[in-house]
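Structural characterization, general
In case you want the letters, here they are:
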Amino acid sequence: MRIRLLEIQYRNIREMKELTVDLSDSGVPKHVSLVQMPNGVGKTTTMELIRYCLDKGAADLDEKKILSFKPPRTEAKSGEFRIKLSVDNQIKFVTIRFDYENP
């Protein structure tokens, strides 16, 4: 099985209100993608959320962990993290939705 990460989308996840990171070139997976950001911007959060998408770990998140993804200083009621994958050349989406009001 060949899996390629094509895109990452955030909506109301910690410091990211609305962000899409395209890791493809017009839908074609790039051979290598490097993500470089300053400390505290979201690299570890991104890797953690990708892992939850791929191993279904999001189903086991407790209330404290769910609320840790809520953006600070905001009234956001929900959040979403979504990845777009190419799995054996078929496009697949995996989405985690966070309900910050009823975690």
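Next up on the list: the pairing of strand β6 (residues 90–99). Looking at chain direction, strand β5 (residues 78–87) and β6 are connected through 10 bridges and run antiparallel. Bridge assignment links Lys 84 to a residue of β6, and that residue is Phe 93. Between the antiparallel neighbours β5 and β6 lie two residues, among them Asp 88 with a positive phi of about 50 degrees.

This model, assessed by the stated rule, comprises three salt bridges. The salt bridge involving Glu 15 is made with Arg 73; its shortest N-O contact spans 3.9 Å. Of this pair, Glu 15 sits in the loop between β1 (3–13) and β2 (16–22) while Arg 73 sits in the loop between α2 (63–68) and β5, placing them 58 residues apart in sequence. The pair Glu 15 / Arg 73 is uniform in exposure class, with both members exposed. Among the ionic pairs, Glu 80 bridges to Arg 97, the shortest N-O distance being 3.0 Å. Taken as a pair, Glu 80 in strand β5 and Arg 97 in strand β6 lie far apart in primary sequence, 17 residues in all. Residue classification places Glu 80 among the buried residues on the basis of a relative accessible area of 16%.

Between its terminal C-alpha atoms helix α1 (residues 43–55) stretches 18 Å, which fits the 18 Å expected from 13 residues at 1.5 Å a residue. Restricting attention to buried positions, one finds in α1 the residues Thr 45, Thr 46, Glu 48, Leu 49, Ile 50, Tyr 52 and Cys 53. Buried residues along α1 sit against β1, α2, β5 and β6. In the stretch just after α1, Lys 56 is the one whose phi turns positive, near 60 degrees.

Okay, the sheet that holds β5 next. Taken together, four strands build an open sheet; the order of strands is β2-β1-β5-β6 and the sheet is antiparallel. The sheet terminates laterally at β2 and β6, the two strands that pair on one side only. Taking the axes of each pair of neighbouring strands and ignoring which way they run, one obtains an average angle of 10 degrees across the sheet. Strand direction decides the pairing type here: β1 and β2, joined by six bridges, are antiparallel. Residue pairing for β2: Gln 9 is matched across the bridge by Thr 20. Against the sheet, α1 makes contact with β1, β5 and β6, and its axis sits at roughly 65 degrees relative to β5, the strand it touches most.

Calculation criteria
- Residues numbered from 1 in each chain as written.
- Predicted model: local features only at pLDDT ≥ 70, side-chain atom pairs only at ≥ 80, totals over all residues.
- Heavy atoms only, no water.
- Pairing = 2+ DSSP bridges.
- Helix = DSSP H or I, 4+ residues; strand = E, 2+ residues; numbered from the N terminus.
- Salt bridge = Lys/Arg side-chain N within 4 Å of Asp/Glu carboxyl O.
- Buried < 20%, exposed > 50% of the residue type's maximum accessible area, 1.4 Å probe, protein only.
- Expected span 1.5 Å × (residues − 1).
- Contact = heavy atoms within 4.5 Å.
- Axes fitted to C-alpha atoms, helices over the stretch in contact; angles between N-to-C directions.

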